[in-house]
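Architecture and fold: a report
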Amino acid sequence: MDRRYDFRTIEAKWQKTWEDNNFFKVYEDKNKPKYYNLEMFPYPSGHLHMGHVRNYAIGDVVARFKTMNGYNVLHPMGWDAFGLPAENAAIRNAVHPARWTYANIENMKSQLKTMGISYDWDREVTTCKPDYYKFTQWMFLKLFENNLAYKKRSAVNWCPSCQTVLANEQVVEGCCERCDSMVEKKQLEQWFFKTTAYAQRLLDDLDKLPGWPEKVKTMQRNWIGRSEGCQFSLAIEGRAETLSVFTTRPDTVFGVTYMVLAPEHPLVEKLAAGKAQEAQVKAFIRKMKATSDMARTASDAEKEGVFTGAYAINPLNGEKVPIWIANYVLMDYGTGAIMAVPAHDQRDFDFARKYNIPIRVVIKSPDSPARGEEMAEAYAGEGVMVNSGDFNGLDVAEGQKRIIAYMEKHGIGQRTVNYRLRDWLISRQRYWGAPIPIVYCQDCGIVPVAEKDLPVMLPEDVEFKPYGESPLSYVENFYKTSCPRCGKEARRETDTMDTFVCSSWYFDRYCSPQESEIPFSREAVDYWMPVDQYIGGVEHAILHLMYARFFTKFLYDINMLSCEEPFTNLLTQGMVLKDGAKMSKSKGNVVSPEDIINTYGADTARLFILFASPPERDLEWSDQGVEGCYRFLNRVWRLVTAYADTISQVNIPASFAELDDEARKLRFRTHTSIKKVTEDIAGRFNFNTAISAIMELSNALGSYSDNEEQDLPVVKEAINTLLLLLSPFSPHICEELWQLSGNKESVCLQPWPVHDPAALLQDEVEIVVQISGKVRDRITVPAGLTEEQLRQIALASDKIKQLTQDKKIVKTIVVPEKLVNIVVK
RNA sequence: GCCGAUGUGGCGGAAUUGGCAGACGCACCGCACUCAAAAUGCGGCGGAUAACUUCCAUGCCGGUUCGACUCCGGCCAUCGGCACCA
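Residues numbered from 1 in each chain as written. Chains lettered and ligands numbered in written order. Predicted model: local features only at pLDDT ≥ 70, side-chain atom pairs only at ≥ 80, totals over all residues. Heavy atoms only, no water.

The helix and strand tally for chain A stands at 27 helices and 34 strands. Taken over 825 residues, chain A has a buried fraction of 56%. At a minimum sequence separation of 6, the contacts of chain A that also span at least 24 residues come to 72%. Of the roughly 36500 Å² of accessible surface on chain A, 49% is carried by carbon and sulfur atoms. (Helix = DSSP H or I, 4+ residues; strand = E, 2+ residues; numbered from the N terminus. Buried < 20%, exposed > 50% of the residue type's maximum accessible area, 1.4 Å probe, protein only. Contact = heavy atoms within 4.5 Å. Areas by Shrake-Rupley, 256 points an atom, 1.4 Å probe, with all protein chains shown as cover.)

What follows is the structure, encoded as structure tokens:
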């Protein structure tokens, strides 16, 4: 047989075979253990990039490996198809977002198919199709029904370039996550999902996810930002209103020397009204409005503020303290007001020094100054309370408890927990998204669309230009409707939903994607969910992964799901870099997957991307590395085709009797490779080392030259093993070679090989002899010797004798099968 | 500033439980095949040294240990996340 490795023909052939025979179609099968393997579905930008290739190559190895190990594997793919790029492209190229999106999906799907991934395409989910977004809207209605979707007017993040509002999670360092424009604050009435109602569970249940990277859990914990303390009220001198503040340090309440409100605080104007400071206060508010959030919240920003002219009364000591407003207090955390304790809070300290406000020490430790004037910085450490009336002498922890108890007893305040997490702002003033199923009626107010009337169809004939309002608000036959409750003329909500809503439940839909009356069947999700292995980029650590967890908990609560967490194990893959930087058009360092697949084939592309580094680490793209993997597959091709005819006539016996040295060495390599590859894939996803073990097997086969007839079963076993082990990585070439060497059934339907422990036994092992930890000799000995025997052999070695002759042997350490260490003096 | 990760040849990386540092691949060098080149095959490849089976070497300094890339303490650098969160 003398054919060269024609990857083009081979890959097309096997992709067709798999497809024609529905190889990857799965059904619920109670007789097999299930395995739900999921890669994050892509946004259909039109082209596959290397990050996708890496993501899906990793996923496919896991899927094929699990299938060969007897699992019933669900491995679906779909499209996160709503979103801004489609709309922007529509505006730029005068093409409808739907057409643009569907064309992209078609293109990416065919690119994906050339990768040869084992997807069950019958389960394909496309979030912009009415049969899907019908149920995204259904989710909204359920949340609304359960008081978890609400509308409110507040200061929201506005991206002037995207012309829409953004959720908190979508603002990165004050800029829009998508387009990097500086985000502005706007007062708008918007729809929110009450994620804060789930803050504690989202936090607690992270502990139930041992299969998640610590890094991601930490990021979510920080994002949720739980802090314990108390909230209490202060009277305002000469007014009926009270001022409410949150603090984590109630033990320092006797150290309060002033109060601070956020400039946006609703009380500010009232407090300053008629005071000498009124003009100053108004000017400061104006200035803050003009300052971007980014500039204002930068930690190195200079603290500034003004006195309002009003005073509050400290409820614990009756003291009158001035109320200021300052840039360093934010309206959207806590109550938008703080008690300031300059002696024990660095921010308050900086501010007090600048404006000559007294600094009073109330926590004293042996190594902290006793007087405010002596302090160089605030003291936030442990100590005992001083200058605190009846509470003097208590330590920080005890003081906090006692102060809170006192406040609760006297109705001043209570213990509270505050979260940094905000509710999820889900309305978007854009066209290409799922319409929010709500109607506004003059008489009935906010009325949800009836379930039977879903989906609220996105109209097609629309002018897309964003004017800061949803394009739907200009489409009369969309917004004009009748009230679902009273039937009178009413107006539809014209905002659409954040696309993260769509991606918060798609993994449930994959379980039964054909359902038309319900979002998913209970039976199907009970069989498949939760996802056993989820794979995707770490950039979703907070956004998507927290929203999906929120949805899952909600669906559990309304008895739609039996699991409370959607993803049991999470693998966050690293980025694909070129010349040390993320591939991007602007840097001109993009390598196109299409080119690579055309030049070397999908098997090579997949192999390289898995070989170049472990999946969680960033991967440096190397054209020469790709070349090396291509060479390796060519070597495998030559090796196997050279043997194919011979071994197709050979049977592998149930047990191997007498083998000569060469054959035994080859069997040893075959079985160590099985063991290594299995452990590397199953145990720790180290595909790079799994591939090197496969290469070692191939090298061993290559240098095996002793072709006696009676040893051919050993060769056949080695070749079969090589193909089986390599098949999850580079499936097409393995299918072809598997067939060429006389096998009838597809390689990917074979059971995963199991190593034979007997083949791993060696008659001889090399042990290292050290003197005081330095290698001084190597001796080949029979396997299985006792410690004492090894010690004697080591001491008997000429070299060791010579090196130890005038030394005193203090002790010897023996590690069986490995080493002897002789400690001398 | 806080939290987390990472740091090993010319390069990507390996060493899984404290036991031979550098597996596997790339690059490079030599040889074979060839008129020649490519492809392929064989061999070499951390540094020092004339040489060795000698010494040095896993970011830096120190410690524990018979033995440390691995454990402990202190630093440095790079990357990522959070950042006036009261």
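A few words on empty space enclosed by the protein. Summed over all chains, the structure comprises two cavities of 30 Å³ or more. The volume enclosed by the largest cavity comes to roughly 220 Å³. Within the lining of the largest cavity, the residues separate by chemical class into seven nonpolar, six polar and six charged. Estimates place the volume of the second largest cavity at around 40 Å³. Lining the second largest cavity are Glu169, Thr195, Leu202, Leu421, Met546, Tyr547 and Phe550. Here the element with the most residues in the lining of the second largest cavity is helix 17 (residues 543-557); it accounts for three residues. Of the residues contributing to the lining of the second largest cavity, the split by class is five nonpolar, one polar and one charged. (1 Å grid on protein atoms, 1.4 Å probe; cavity = no way out; pocket = protein on both sides within 12 Å on 5 of 7 lines; lining within 4 Å. Points joined across faces, edges and corners; volume = space filled by probe spheres on them. Nonpolar A, V, L, I, M, F, W, Y, C, P; charged D, E, K, R; others polar.)

A few words now on the nonpolar core. Where a protein is soluble and globular, its nonpolar side chains tend to be buried together. If you look at the biggest cluster of nonpolar residues, it comprises 188 residues, and the most contacted ones within it are Tyr36, Phe140, Phe193, Trp424, Trp621 and Phe729. It is helix 20 (residues 623-648) that provides the largest number of residues to this core, a total of eleven residues. With sequence-adjacent residues up to four places away left out, Trp621 is seen in contact with Met50, Val576, Leu577, Lys578, Met583, Val591, Ile596, Phe608, Ile609 and Val626. Judged by nonpolar contacts, the second largest core, of 58 residues, contains Val281, Val306, Ala337 and Ile359. (Core = buried A, V, L, I, M, F, W, Y, C linked by side-chain atoms within 4.5 Å.)

Turning our eyes to something else, we now look at the protein's contact with RNA strand B. Taken together, 53 residues surround RNA strand B, and among them Lys303, Arg347, Lys676, Arg778 and Asn821 come closest. Of all atoms in RNA strand B that approach within 4 Å of the protein, 61% are sugar or phosphate atoms. With respect to RNA strand B, the side chain of Arg420 contributes an N or O atom lying 2.5 Å from a phosphate oxygen. A distance of 3.0 Å separates a phosphate oxygen of RNA strand B from a polar atom in the side chain of Arg631. When residues of the surface near RNA strand B are assigned to their parent elements, the largest contribution, six residues, is made by helix 22 (residues 687-703). (Near = heavy atom within 4 Å. Polar contact = N/O pair within 3.5 Å; in protein donor to acceptor, adjacent residues only side chain to side chain.)

Turning to the pairing of strand 13 (residues 305-313), a few remarks are in order. Judged by how many residues are buried, strand 13 sits mostly within the fold: seven of nine residues are covered. One ladder, built from two bridges, connects strand 10 (residues 227-236) with strand 13; its direction is antiparallel. Across the sheet, the residue bridging to Ile236 is Ala312, located in strand 13. Relative to strand 14 (residues 320-326), strand 13 runs antiparallel, the two sharing six bridges. What sits directly across from Gly305, in strand 14, is Ala326. Here strand 13 folds back onto strand 14, and the loop between the two strands holds six residues, one of which, Gly318, carries a positive phi near 70 degrees. (Pairing = 2+ DSSP bridges.)

Looking now at the packing of aromatic side chains. Counted under the stated rule, the structure contains 45 aromatic pairs. Consider the rings of Tyr119 and Trp121, whose centres lie 5.5 Å apart with planes at 80 degrees: the pair is edge-to-face. The class of Tyr119 is buried, set by a relative accessible area of 4%. On the accessibility criterion, Trp121 (17% relative accessible area) is buried. Against the face of Tyr311 rests Lys320, its NZ or CZ located 4.5 Å from the ring centre. (Phe/Tyr/Trp six-rings, centres within 6.5 Å; stacked < 30°, edge-to-face > 60°. Lys NZ or Arg CZ within 6 Å of the ring centre and 35° of its normal.)

What follows is about unusual backbone geometry. Across the junction of Leu454 and Pro455, the peptide omega takes the value -5 degrees, indicating a cis bond. When you line up the elements, Pro455 lands in the loop between strand 22 (445-448) and helix 13 (476-479). The backbone of Asn356 sits at a positive phi, close to 55 degrees, despite the residue not being glycine. Tracing the sequence through the fold places Asn356 in the loop between helix 11 (346-355) and strand 16 (363-364).

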